[in-house]
Every structure is written in structure tokens, then in C-alpha cells.
Amino acid sequence: MNKSYQIETKCVQGGYRPGNGEPRQIPIVQSTTFRYETSTDMGKLFDLEASGYFYSRLQNPTCDTVAAKICEMEGGTAAMLTSSGQAASFYAVFNIASAGDHIVSSAAIYGGTYNLFAVTMKRMGIEFTFVNPDCTDEELEAAFRPNTKAVFGETIANPSLVVLDIERFARAAHAHGVPLIVDNTFATPVNCRPFEWGADIVTHSTTKYMDGHGAAVGGCIVDSGSFDWMAHADKFPGLTTPDDSYHGVVYAERFGNAGAFITKATAQLMRDFGSVQSPQSAFMLNLGLESLHVRMERHCANAAAIARYLESHEKIAWVNHPSLSSCKYHALAEKYMPRGTCGVISFGVKGGRAAAEAFMGNLTIAAIETHVADARSCCLHPASTTHRQMSDAELAAAGVPSDLVRLSCGLESSVDLIADIEQALARL
Ligand SMILES: *Cc1c(COP(=O)(O)O)cnc(C)c1O
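Residues numbered from 1 in each chain as written. Predicted model: local features only at pLDDT ≥ 70, side-chain atom pairs only at ≥ 80, totals over all residues. Heavy atoms only, no water.

Trainee: Looking at this model, I keep getting lost on the overall build of the protein chain. Mind explaining?
Mentor: The helix and strand inventory of the protein chain stands at 17 helices and 12 strands. Taken over the C-alpha trace, the protein chain has a radius of gyration of 22 Å; the compact-globule value for 428 residues is 22 Å, and the two agree within 12%. Dimensions of the protein chain, computed from the C-alpha atoms along their principal axes, are close to 75 × 55 × 35 Å. Buried positions account for 57% of the 428 residues belonging to the protein chain. (Helix = DSSP H or I, 4+ residues; strand = E, 2+ residues; numbered from the N terminus. Rg over C-alpha atoms; globule rule 2.2 N^0.38 Å. Buried < 20%, exposed > 50% of the residue type's maximum accessible area, 1.4 Å probe, protein only.)

Below you can see the structure in the form of C-alpha cells.
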């Protein structure tokens, strides 16, 4: 698709252009395997000498079509779908780091990602240094080690809503010859395209706004194609030296900066770990993508209206949404996300933990769910649910105080949502 098209056009028509008489909607290729005339034909696929399909654990046409759309939306050169956002984060890091390596990560990240990094990947021998995203340049600099292989952050952190200074983190990463990986789940490429600010790899939990209807768990990794692996060959031997499991292919040579990262992640990690998205889920994800630009606008408008309302309410201790001029991250949000940020707001109900739980129980429209970014409003108390494995100190470092209520504003009328919040607070 024409690269100069606006994001709206890419959401609706990216990734797929049917030929004469072909289906208008993307076909669901619900097949594990693909037929070949000769073993020689298939052998070329196994040697990565020809491109094509042979087994849906490695690649599937429906998944590739949807990945191509997200790739166009982000302005990247290659992309792959994964079974979940967790798989996307894991693959994105593990593709370039292994035992003995080190990663610098923002401390303001999704609880599941924090656990993946700090507990599970640590057990695999990869060390993580978590930095406060608002740290000084000197503190950020001090986090790097000779074996650092990447920097990781979230555009808008879930649930702290901390906005990452993408340019600053990209500059620090590049000064050390490593890529910046950004989880762009909350902003979506409709509101922010991290590659335009220097990020090298983008990950998504497509489970959130991209799907948008609470229907399918999924993830995606996109490569900007701008990181020069060969220029830092000693740091990234997996991309710059022969892969014995593929007859000595050197990914960065054979596929260039545009294709090396995703080809390696598909050929090695998807082959060995198998966290594939199903073609059915990819089809549903694509339905979500077709209206993403329309939905994001309403999610953001509802969140801004509710945040303003809560800010003036006497029973509310504090409100956080980057749309508020009182928000510490308002200026960064205006810079990186002028169209809006996300539909998730956080706030504290006066009376702390107990008041927050009572308030949530009084709501009738928003349901208590471990989810965000759904068409239906939902809310959560992270300290007693998703983040309950973290200590109070870790919660504070991640920007998730124990009185924090996370409200994901859906696509309902803001008039009804505000009236519901009003009665829930009145009954406290
Ligand atoms: C939900 C989420 C994830 C994990 O995604 P799953 O699809 O649930 O595995 C990662 N990052 C962010 C920012 C998220 O909100």
C-alpha cells in the first residue's frame, strides 16, 4: 500500500489487496499445512531460499496479511503476529539477548512484562536493570553495561500512564550501539508511531485496542528496519554470524536490516517455541484494525471527559490521564501523541484501598475485569489483582500506588458513564 496514505486508510485497507475476482475480506486460511509437487520445492523453503508456506507454526497467509497491515500502520519493514503480547515481548528481547546478556528497561511497564523480565528471563540468565523513566541522563547512562543488548519501554505505561520520552531513550540506546524496543500497546499506531521518534522495534498486545472487542488474545512485533546490526556485529552474533540450524545463513547479510530481525524471530523462536496466533484470531484482529482509528478517537474523548469530571470531585484524591494539564506527562503526551493518548485513566478514591474496592462494586456500567481497551468500560484494582506479586516498594517504583483504580473507558456514552460514576461515589 502507498506509504504516504494516512493512518486511517492503512487501518482499513492495509496489508491486503485482492486480485480480480478474489475475496474482498481477507481469507481465513485454516490449514496447518501446505501441499507441494516435489520435495525439492519444499526443501528450498526449509533452507530459507524461497519464501512460501509449509507449516502454520512458522507462517500462515492470514496471519502474514494482518501482520503486514500492522507493519504499514507502524511504518516498519517487517512484522510477525504472536499468540499474545507476552510472547511478543519475550521474542523481541530474546531474539537479541541470551544468557550472560543485559537489558535496560523502564521501570514503568506492564506488570506481566515486569514479571517476565525480572523473574522468568532472569532465570534464563538475562539481567535487567530497571530505570525510573524520569531519571536524569546520568542515571540512564549509568544503567548500561558492556553486555547491554537493548533498551525497553512502553509508550504509555499500563497502568501508571507514564509517557516514555522516546527520543531520549532512543538516543541513549543508540549511543551504546543497541536498539530501543517500545511496547506501543496503549497508544496504538493511530496515536503514536515510535519509529518516527527513533525506536527500532515495536511490540503490541493486540488483545487491547487493536482487537478492541475483548475477543482474541494476540501480539505483534514490528521492525523499523533502521537498526544496523552489522555495524554492531560483535554485540549481535545471532544476527551477524552463521545459524547452524539453517545451513549457516547469516540473517543480517541475507535479509538485510529490513528483514533480519523478523526472519530470525520466525525461523528460530517461532519454530522452537511455537507461540503462533491462530488464523481465526488474526481474522478477528483485522476486523478490529479496520475501525481502530474511529474507536481510538472515542476512547480518548470519553477518557478526557471522565478525567475532567473526576478531577473536580470531592471524593477523589487524585486523577491521572495525560490529557489533563495537571498531568506530569501532559507535555510529553502533546509532543508524541497530539491526537490523543489512550482511553485508560487512573485515580485514587479518598479512603484508600477499601474505598476504591467499594466504589468499584457500586458501578453498574463498568465491570471489574482483568482487561483494558475494550469497547465495554471496565475497571481494576491492580494492587490486589494484576500487580499483587509486587511489593509496595516495587509498586511505587512502577508508579502503581496501592489506592490506584484503573478505569478503561469504553465506547459507551460519556453522559451515562459519568452518571454511573456519580452514583457509585454518592453511595460511598
Ligand atoms: C496486556 C499487555 C501486555 C501483555 O499482553 P497479552 O496479550 O495479555 O499477553 C503487554 N504490554 C502491555 C502494555 C499490555 O497492556
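Trainee: Got a minute to help me understand the state of the cysteines in this structure?
Mentor: Working definition of a disulfide: a covalent bond connecting the sulfur atoms of two cysteines. Across all of its chains, the model carries zero disulfides by this definition. The closest cysteine sulfur to the non-disulfide-bonded Cys-220 is located on Cys-71, 8.0 Å from its own sulfur. Among the cysteines around Cys-379, which has no disulfide bond, Cys-378 carries the closest sulfur, lying 7.3 Å off. For Cys-379, a relative accessible area of 1% translates into the label buried. (Disulfide = S-S within 2.5 Å.)

Trainee: I would appreciate a short explanation of the pairing of strand S4 (residues 148-154) in the present structure.
Mentor: The two faces of a sheet get side chains in turn, since along a regular strand they alternate between them. The element S4 is largely enclosed, with a buried count of seven among its seven residues. Judged from the four bridges that link them, strand S2 (residues 102-106) and S4 form a sheet pairing that is parallel. Paired with His-102 across the bridge in S4 is Thr-148. Relative to strand S5 (residues 180-183), S4 is paired through four bridges, and the arrangement is parallel. Bridge assignment links Glu-154 to a residue of S5, and that residue is Asp-183. (Pairing = 2+ DSSP bridges.)

Trainee: So what exactly am I meant to see when it comes to the domain arrangement of the protein chain here?
Mentor: In terms of domain boundaries, the protein chain breaks down into domain 1 (7-287) and domain 2 (293-426). Centre-to-centre separation of domain 1 and domain 2, based on C-alpha positions: 29 Å. With 38 residues of domain 1 at the interface, the matching set in domain 2 holds 39 residues. Around 3,300 Å² of area is buried between domain 1 and domain 2 when both sides are counted, 62% of it from carbon and sulfur atoms. Taken together, the links from domain 1 to domain 2 amount to three salt bridges. Residue Asp-134 is joined to Lys-328 by a salt bridge in which the shortest nitrogen-to-oxygen separation is 3.0 Å. Here domain 1 is connected to domain 2 by 16 residue pairs in polar contact (both at pLDDT 80 or more). Residue assignment for the side of domain 1 that touches domain 2 shows that the elements contributing at least two residues are helix H1 (7-13), helix H5 (111-123), helix H7 (166-175) and helix H8 (188-191). The element that contributes the greatest number of residues to the side of domain 1 that touches domain 2 is H1, accounting for four residues. Residues belonging to the side of domain 1 that touches domain 2 are distributed by class as follows: 20 nonpolar, 11 polar and seven charged. (Domains from an automatic or database assignment. Contact = heavy atoms within 4.5 Å. Buried area = accessible area lost by both parts, 1.4 Å probe. Salt bridge = Lys/Arg side-chain N within 4 Å of Asp/Glu carboxyl O. Polar contact = N/O pair within 3.5 Å; in protein donor to acceptor, adjacent residues only side chain to side chain. Nonpolar A, V, L, I, M, F, W, Y, C, P; charged D, E, K, R; others polar.)

Trainee: Sorry, what's going on with the pattern of salt bridges here?
Mentor: The final tally for this structure, using the stated rule, is nine salt bridges. Among the ionic pairs, Asp-101 bridges to Lys-149, the shortest N-O distance being 3.0 Å. Linking Asp-101 in the loop between helix H4 (85-94) and S2 with Lys-149 in strand S4, this pair joins segments that are 48 residues apart in sequence. The buried category is assigned to Lys-149, whose relative accessible area is 9%. With a shortest N-O distance of 2.8 Å, Glu-196 and Arg-193 are connected by a salt bridge.

Trainee: Explain helix H17 (residues 414-426) here, please?
Mentor: At 3.6 residues per turn, the α-helix brings residues three or four places apart onto the same side. The end-to-end C-alpha distance of H17, which contains 13 residues, comes to 18 Å, matching closely the 18 Å that a straight helix rising 1.5 Å per residue would cover. Within H17, burial applies to Leu-417, Ile-418, Asp-420, Ile-421, Ala-424 and Leu-425. Buried residues in H17, looked at end-on, bunch into an arc of 160°, giving them a common side. In H17, the exposed residues that point more than 90 degrees away from the buried face are Val-415 and Ala-426. In this structure, the buried side of H17 is in contact with helix H13 (292-311), strand S8 (316-320), strand S9 (344-349), helix H15 (352-362) and strand S12 (404-408). Where H17 begins, the side chain of Ser-413 points an oxygen toward the backbone nitrogen of Val-415, at a separation of 3.0 Å. (Expected span 1.5 Å × (residues − 1). Arc of directions from axis to C-beta.)

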